[in-house]
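Residue-level structure breakdown
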Amino acid sequence: MDTIVAIATAPGIGGIGIVRMSGKDCFSILENIFVPKHKENIEQIKGYTMKYGQIISKETGTVIDEVLVSYFKEPKSYTTENMCEINSHGGMIVLQKILEECLKNGAVLAEPGEFTKRAFLNGRIDLSQAESVIDIIHAKSEKELHANMRQLEGYLSKEIRQIRKELMDIMVDIEASIDYPEYDVEEVTNAKAMQTLEHCKEKLQLLEKSFENGKVVKEGIKTVIVGRPNAGKSSLLNAILKEDRAIVTDIEGTTRDSIEETVTVKGIPLHIIDTAGIRKAKDQVEKIGIEKSKKLAKEADLLIAIFDSTKELTEEDLEILHLIQDKTAIILLNKSDLENNVLKQNPAIIHSGKTVIEIAALQRQGIEELYNEIERLFHLNEIAPQEETMITNIRHKTLIQKAEENIQKAIETIIMQMPIDIIAIAIKNALENLGEIIGENVSENIIKEIFSKFCLGK
Ligand code: GDP
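Residues numbered from 1 in each chain as written. Predicted model: local features only at pLDDT ≥ 70, side-chain atom pairs only at ≥ 80, totals over all residues. Heavy atoms only, no water.

**Here's the deal with the packing of helix 4 (residues 127–138) against helix 15 (residues 420–438)**
Remark: helix 4 packs on helix 15, axes separated minimally by 5 Å, with the N-to-C direction vectors making an angle of 45°. Considered as vectors, helix 4 and helix 15 are oriented oblique to each other. Of the residues in helix 15, those touching helix 4 at L127, S128 and E131 are E436, I437 and I438. Classifying every residue of the contact of helix 4 with helix 15 by side-chain character gives three nonpolar, one polar and two charged. (Axes fitted to C-alpha atoms, helices over the stretch in contact; angles between N-to-C directions. Helix = DSSP H or I, 4+ residues; strand = E, 2+ residues; numbered from the N terminus. Parallel < 35°, antiparallel > 145°, perpendicular 65-115°, else oblique. Contact = heavy atoms within 4.5 Å. Nonpolar A, V, L, I, M, F, W, Y, C, P; charged D, E, K, R; others polar.)

**Considering the sheet that holds strand 6 (residues 83–90)**
Here seven strands make up an open sheet; going across it, the order is 3-4-5-6-2-1-7 and the pairing mixed. Looking at which strands have only one partner, the edges of the open sheet turn out to be strand 3 (34–36) and strand 7 (108–109). Direction of pairing for strand 3 relative to strand 4 (residues 49–56): antiparallel, over a ladder of three bridges. Bridging from a neighbouring strand, F34 pairs with I55 of strand 4. Of the strands in this sheet, strand 2 (14–22), strand 3, strand 4, strand 5 (63–72) and strand 6 touch helix 1 (residues 26–33), which is tilted by about 35° from strand 6. Docked against the sheet, helix 2 (residues 92–104) engages strand 1 (4–7), strand 2, strand 4, strand 5, strand 6 and strand 7, running at close to 175° with respect to strand 1. (Pairing = 2+ DSSP bridges.)

**A short note on the pairing of strand 8 (residues 221–226)**
In terms of burial, strand 8 is largely enclosed, as five of its six residues are buried. Both strand 8 and strand 12 (residues 302–308) contribute to a ladder of four bridges, which runs parallel. Looking at the pairing, I225 lines up with I304 of strand 12. (Buried < 20%, exposed > 50% of the residue type's maximum accessible area, 1.4 Å probe, protein only.)

**Considering a nonpolar patch on the surface**
A cluster of nonpolar side chains, namely I415, M416, M418 and I422, defines an oily patch on the protein surface of about 370 Å² accessible area. Of note, I422 is situated in helix 15. Overall, the relative accessible area of 34% leaves I422 in the partly exposed class. (Patch = residues over 30% accessible without salt bridge, like charges linked within 9 Å, V, L, I, M, F, W, Y side chains within 5 Å. Areas by Shrake-Rupley, 256 points an atom, 1.4 Å probe, with all protein chains shown as cover. Salt bridge = Lys/Arg side-chain N within 4 Å of Asp/Glu carboxyl O.)

**As for the environment of I330**
Position of I330 among the secondary structure elements: in strand 13 (residues 329–334). Considered as a pair, I330 and I225 are 105 residues apart in the sequence and their alpha carbons are 9.7 Å apart. Excluding anything up to four places from it in sequence, I330 contacts L302, L303, I304, A305, T355, I357, L370, E373, I374 and L377.

Written out as structure tokens, the structure is:
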């Protein structure tokens, strides 16, 4: 395999930057471009040490930068190959020059994710662990980070391997009864297999179920605030944004003309599609119509319907109540600081079937109650306890579902007293599905696709 090199730090200006190199020629390339202060022989440098010196251009002899180089000797490195990381001053030109020197001396430019891909291909980590690396980098909340750290540590792999072992034990029994039909062990094999299959199915169902929580942790809760003009949407949004200092992102939303604000509630990202923002951004007099809200509401996980509690319900308010009827929604009666609180007694509100919270957005009152209700609705307190393995990856979920289906097929073939080798086919398929999660028998294309999502230098 070639020796690969890449700039591992994010583009831009920073205190330090890192160029990372991995492969069998790593140290000989380094020898050509790095002059350690104490002129140590590369052979004598130990792994997990750092040396101070200069990167020079071999051609001209000019000094490019003062650096610290860390050494990792095979097999004790990220990729299990010889590796080094050149810590230079953080600036694009410096890093680019160091990268060029490595390339000139025989390294090739790494593809995105190639370091992690090598860690996988060289057997240090399995595929699900490699996938967790990218999710750790992209994690937007503490809980997501925690779930992915556990995956990197191998908890998911361990569970999958355990289930595979149980299924393989059945296969061994089945093969024995095929090879030695004279012992007539088929009935015993079937009874035992049935028990194990049920057990494996239960375990897989639990993992599959954890994906619901995993999805919330990973993708957050898509939230739309609906309410007619002047109900207090902007004030509510401001109150939420002020309440929560940990604003993760402030990005353009999925629809071209909506703005998405992200805050974290109880450790979970709440993506608020800012309809008030649209109105303000586009035209002061243009009001966001119910049609627009309807469209946004369709895709939302949570609707927050806000009403001016000092005004009787209008036609538009009734439409909003209708809109939230079949959705996960919370009703806020705003401006509760004012005297004439008429909406509290309104039958349409009382009988809406939704939780009603009185707030005063302007005074930031009632926001904590709103958060508590979100926590209750989405069971946030149950998500990701320390010891739970949680699936956050759709590829894993799909394979777990397929394995479950195959196990179900195996169970049915036993019930229907089909020949034992038919049962074996279904179990073998389930084994393959589970094997794909940890990277056994996966096609080159799938591997390519997974690692293409990585960043350079990882
Ligand atoms: P939007 O059109 O739904 O975005 O509503 P705004 O947030 O712009 O609020 C409309 C008006 O109601 C503004 O004049 C706010 O100052 C006022 N308002 C919003 N929330 C409250 C509140 O809790 N109490 C009082 N008294 N006024 C509020």
